[in-house]
Amino acid sequence: MNPLVLLLAVPVIGAIVCAILPRADSARRWALFVSLMTAGLAVVLLAIFNFRPATGGYPQFEFGPEHEGSWLSVPAIGFSFQLGIDAVSLWLVLLTALLMPLSVAASAPAIRQRQKEYYAWMLALLAAMLGVFVARDVLLFYVFF
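Enquirer: Explain the overall build of the chain here, please?
Expert: Looking only at helices and strands, one finds 6 helices and 4 strands in the chain. Its helices and strands taken in sequence order, the chain reads α-α-β-α-β-β-β-α-α-α from the N to the C terminus. Buried residues in the chain amount to 42% of all 145 residues.

Right, here's the structure in full:
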């Protein structure tokens, strides 16, 4: 699986699981685990991302119909599920992924009611923020934003 798709799928799946957990106190631990896993994926992405400024072009690491097959594209409106990362968005993805575990951990003492919903929405927010930085299609950017 493409690392960019995995980077977006992990917090989305984590948010769904967090929302259906039977106990509210386990939601914080689950959200912290998923956000740490997403941060680990972002660090791995940094490690495998080999930016070559001499070759130029945006992006150098991408996922989309022309690379992985034409799934989830609507040519009638010019939409296609295209993800890409360059040298600037790589650091924004890394910053976002590393700050979310800190946000989840720092909010633990204050959140006492509706913990499952809060942490599920935090993970959904993580996926949306990461999606903004890796979207290559304007409509996809709008959806994430």
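Enquirer: Just checking my understanding: could you explain the packing of helix α1 (residues 3–19) against helix α5 (residues 115–134) for this structure?
Expert: Each pair of packed helices can be summarised by the angle the axes make with each other and by the distance between the axes. For the pair α1 and α5, the least separation of the axes is 8 Å and the interaxial angle reads 165°. Taken as axis vectors, α1 and α5 run roughly antiparallel relative to one another. Pair α1 / α5 crosses with left-handed handedness. Contacts between α1 and α5 involve L4, L7, L8, P11, V12, G14, A15, C18 and A19 from the first element and K116, Y119, A120, L123, A124, L126, A127, L130, G131 and V134 from the second. Here the residues of the contact of α1 with α5 are counted per class, giving 16 nonpolar, 2 polar and 1 charged.

Enquirer: Looking at this structure, I do not really get the packing of α1 against helix α2 (residues 25–48). What am I missing?
Expert: With their axes 10 Å apart at the nearest point, α1 and α2 run at an angle of 180° to one another. By the criterion of interaxial angle, the relationship of α1 to α2 is roughly antiparallel. Across the interface between the two elements, P3, L4, L6, L7, V10, P11, G14, V17 and C18 of α1 pack against A27, W30, V34, M37, T38, L41, A42, L45 and I48 of α2. For the contact of α1 with α2, the per-class residue count stands at 16 nonpolar, 2 polar and no charged.

Enquirer: I would appreciate a short explanation of a nonpolar patch on the surface in the present structure.
Expert: Residues V88, L92, L95, L99 and L102 make up a contiguous nonpolar surface patch of about 470 Å² in total accessible area. Counting through the fold element by element, V88 comes out in helix α4 (residues 87–106). A relative accessible area of 58% places V88 in the exposed class.

Enquirer: Can you help me understand unusual backbone geometry in this one?
Expert: It is generally the case that most residues other than glycine have a negative phi and that most peptide bonds are trans. With a phi close to 55°, R114 is a non-glycine residue in the positive phi region. Locating R114 in the fold gives a position in the loop between α4 and α5. By relative accessible area, R114 is classed as exposed at 62%.

Calculation criteria
- Residues numbered from 1 in each chain as written.
- Predicted model: local features only at pLDDT ≥ 70, side-chain atom pairs only at ≥ 80, totals over all residues.
- Heavy atoms only, no water.
- Helix = DSSP H or I, 4+ residues; strand = E, 2+ residues; numbered from the N terminus.
- Buried < 20%, exposed > 50% of the residue type's maximum accessible area, 1.4 Å probe, protein only.
- Axes fitted to C-alpha atoms, helices over the stretch in contact; angles between N-to-C directions.
- Parallel < 35°, antiparallel > 145°, perpendicular 65-115°, else oblique.
- Left-handed = near helix turned anticlockwise from the far one by under 90°.
- Contact = heavy atoms within 4.5 Å.
- Nonpolar A, V, L, I, M, F, W, Y, C, P; charged D, E, K, R; others polar.
- Patch = residues over 30% accessible without salt bridge, like charges linked within 9 Å, V, L, I, M, F, W, Y side chains within 5 Å.
- Areas by Shrake-Rupley, 256 points an atom, 1.4 Å probe, with all protein chains shown as cover.
- Salt bridge = Lys/Arg side-chain N within 4 Å of Asp/Glu carboxyl O.

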